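Architecture and fold: a report
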Amino acid sequence: YGQRMNRLADDFSTLGKRLKNNRIATQHGVFDYLARDMELEVVAVVQAHAGQNPSASEIIAIVETIKAKKAGAIFTEPQYPEAVGTTIAKEASIAAARLDPAANGPEQAPLDYYEQVMRANLNILEQTLGSN
């Protein structure tokens, strides 16, 4: 299992080096370690505090930051409504996608549930940000 997790970590790191755009916006700070390990630059965070949506003026500031920093995408999470993220993506003219932090899951999750979720995230990152 440890070898599989190391291989997964290596796959994320390798993808990070191949992405066409490594600048992203996120729902909140849940992906900070993943961003660090993939050398992604989180240019904006939608919710400074998890579960607390930004005000209209904060949304405008987020959109301006995303445009100025030329982020490639905004990533929301299935645990939160995606409306704010979708609106920001539309206003900033960038892609929006959902990444699952595996913060919760099915009650009878298979033993490889975390790996399945993270491999799906790996594919979403590559599809959304492109790779060389």
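Overview of the structure.

A word on the packing of helix α3 (residues 56-69) against helix α4 (residues 83-92)
For the pair α3 and α4, interaxial distance at closest approach is 9 Å and the crossing angle is 50 degrees. The orientation of α3 relative to α4 falls into the category oblique. Pair α3 / α4 crosses with right-handed handedness. Seen from α3, the contacting residues are Ile59, Ile62, Val63, Ile66 and Lys67; seen from α4, they are Val84, Ile88, Glu91 and Ala92. Looking at the contact of α3 with α4 residue by residue, the classes come out as seven nonpolar, no polar and two charged.

Remarks on the environment of Lys67
Relative to the helices and strands, Lys67 resides in helix α3. Residues Lys67 and Gly105 lie 38 residues apart in sequence; the distance between their C-alpha atoms is 34 Å. Leaving out residues up to four positions away in the same chain, Lys67 has contacts with Glu91 and Ala92.

Quick notes on the pairing of strand β1 (residues 23-26)
Both β1 and strand β2 (residues 41-45) contribute to a ladder of four bridges, which runs parallel. What sits directly across from Ile24, in β2, is Val42. Where the polypeptide runs from β1 across helix α2 (residues 32-38) and back to β2, its parallel neighbour, the crossover connection is right-handed.

Describing the sheet that holds strand β4 (residues 95-98)
Taken together, four strands build an open sheet; the order of strands is β2-β1-β3-β4 and the sheet is parallel. At either end of the open sheet lies a strand with only one pairing partner, and these are β2 and β4. Shown here is a sheet whose adjacent strand axes are inclined to one another by a mean of 30 degrees, direction ignored. Where strand β3 (residues 73-76) meets β4, four bridges bridge the pair, whose relative direction is parallel. If you follow Thr76 over to β4, its bridge partner there is Arg98. Those strands touched by α4 are β3 and β4, and its axis lies near 175 degrees from that of β3.

What counts as what
Residues numbered from 1 in each chain as written. Predicted model: local features only at pLDDT ≥ 70, side-chain atom pairs only at ≥ 80, totals over all residues. Heavy atoms only, no water. Axes fitted to C-alpha atoms, helices over the stretch in contact; angles between N-to-C directions. Helix = DSSP H or I, 4+ residues; strand = E, 2+ residues; numbered from the N terminus. Parallel < 35°, antiparallel > 145°, perpendicular 65-115°, else oblique. Left-handed = near helix turned anticlockwise from the far one by under 90°. Contact = heavy atoms within 4.5 Å. Nonpolar A, V, L, I, M, F, W, Y, C, P; charged D, E, K, R; others polar. Pairing = 2+ DSSP bridges. Right-handed = clockwise from strand over helix to strand, strands pointing away.

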